[in-house]
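One letter stands for each residue in the lines below.
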Amino acid sequence: MASSATDSKTPSNGIQYEGVDGTDQNVLKKHVAFFDRNKDGVIYPWETFQGFRAIGCGLLLSSFAAIFINVGLSRKTRPGKSISLSFPIEVNNIHKSKHGSDSGVYDSEGRFVPSKFEEIFNKHAHTNANALTSEELQSMLKANRVPKDFGGWLASFVEWKILYILCKDKKGLLQKDTVRAVYDGSLFEQMAKEKASSGKQAVASV
């Protein structure tokens, strides 16, 4: 999901998390970079947990996300390697974790496809052209389902439902700008900053 550029971060292993545009091949890496807490190119379950806590999720949801995401993606991003019980996700291979029954906004190389992003709202945003209701979101998930792709159905449902629960506005709408921001990962940084800021304000008021 493409948006504005940010400063590049280049850890010692040479992996770069760069600002992206509509043609950047690293856009899916940018999407997950927030959860690579120490920027070593590998995301472990405890980092996923820490990332979800940083954006304001509770213990239960953060624990579920850490297990669901890392167990589901680890093997796919480590082709040819044996199963690791620490369930690491290798960021360089994150495009290999793409599942079926998705929106198609990421292509097979992890690149952002603008036409597919616009298609989400052109096809399913009937109440508001720039937002999705809960019912419209469910309709989109059903429309994207590949027959008998039960794993893909579950993955898409969990991803979008968590996004909706966390980011719907007061009217119950999931805004287009929010969806775009989650595709490139900038939403996670924004939510973490807002949570940190609210925490500081709470301490200051005591």
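Remember, predicted model here, so these are calculated numbers, not experimental data.

*Asks:* Explain the overall build of the protein residue by residue, including any values.
*Replies:* Of regular secondary structure, the protein possesses eight helices and four strands. Taken across its 206 residues, the protein has 43% of its residues classed as buried. Long-range pairs, those at least 24 residues apart, make up 51% of the contacts in the protein between residues at least 6 apart in sequence.

*Asks:* Report on empty space enclosed by the protein, specifying residues and quantitative values.
*Replies:* Under the criterion given, the structure shown has one cavity of 30 Å³ or more. Empty space within the largest cavity amounts to approximately 30 Å³. If you trace the largest cavity, you find it lined by Leu141, Arg145, Trp153, Ser156 and Phe157. With three residues, helix H6 (residues 150–167) is the largest single contributor of residues to the lining of the largest cavity. Residues belonging to the lining of the largest cavity are distributed by class as follows: three nonpolar, one polar and one charged.

*Asks:* Which residues make up H6, and what values go with them?
*Replies:* If you check H6, its first and last C-alpha atoms are 26 Å apart, about what 18 residues at 1.5 Å a residue would give, namely 26 Å. Along H6, the residues classified as buried are Gly152, Ala155, Ser156, Val158, Trp160, Lys161, Ile162, Leu163, Tyr164 and Cys167.

*Asks:* I'd like a rundown of the environment of glutamine 50, residues and numbers included.
*Replies:* By the element assignment, glutamine 50 lies in helix H2 (residues 45–54). Sequence separation between glutamine 50 and phenylalanine 35 is 15 residues; the distance between their C-alpha atoms is 7.7 Å.

*Asks:* Tell me about the pattern of salt bridges, and please be specific about residues and values.
*Replies:* Once their charged atoms are close, side chains differing in charge can pair, the charge on each being opposite to the other. By the definition in use, this model includes eight salt bridges. With a closest N to O distance of 4.0 Å, arginine 180 and glutamate 118 form a salt bridge. One end of the pair, arginine 180, is in helix H7 (residues 176–184); the other, glutamate 118, is in helix H4 (residues 114–124), and 62 residues separate them in sequence. For arginine 180, a relative accessible area of 25% corresponds to the partly exposed category. Under the relative-accessibility criterion, glutamate 118 is labelled partly exposed at 29%. Residue glutamate 119 pairs with lysine 123 through a salt bridge whose shortest N-O separation is 3.7 Å. With a gap of four residues between them, glutamate 119 and lysine 123 both fall in helix H4, about one helical turn apart.

What counts as what
Residues numbered from 1 in each chain as written. Predicted model: local features only at pLDDT ≥ 70, side-chain atom pairs only at ≥ 80, totals over all residues. Heavy atoms only, no water. Helix = DSSP H or I, 4+ residues; strand = E, 2+ residues; numbered from the N terminus. Buried < 20%, exposed > 50% of the residue type's maximum accessible area, 1.4 Å probe, protein only. Contact = heavy atoms within 4.5 Å. 1 Å grid on protein atoms, 1.4 Å probe; cavity = no way out; pocket = protein on both sides within 12 Å on 5 of 7 lines; lining within 4 Å. Points joined across faces, edges and corners; volume = space filled by probe spheres on them. Nonpolar A, V, L, I, M, F, W, Y, C, P; charged D, E, K, R; others polar. Expected span 1.5 Å × (residues − 1). Salt bridge = Lys/Arg side-chain N within 4 Å of Asp/Glu carboxyl O.

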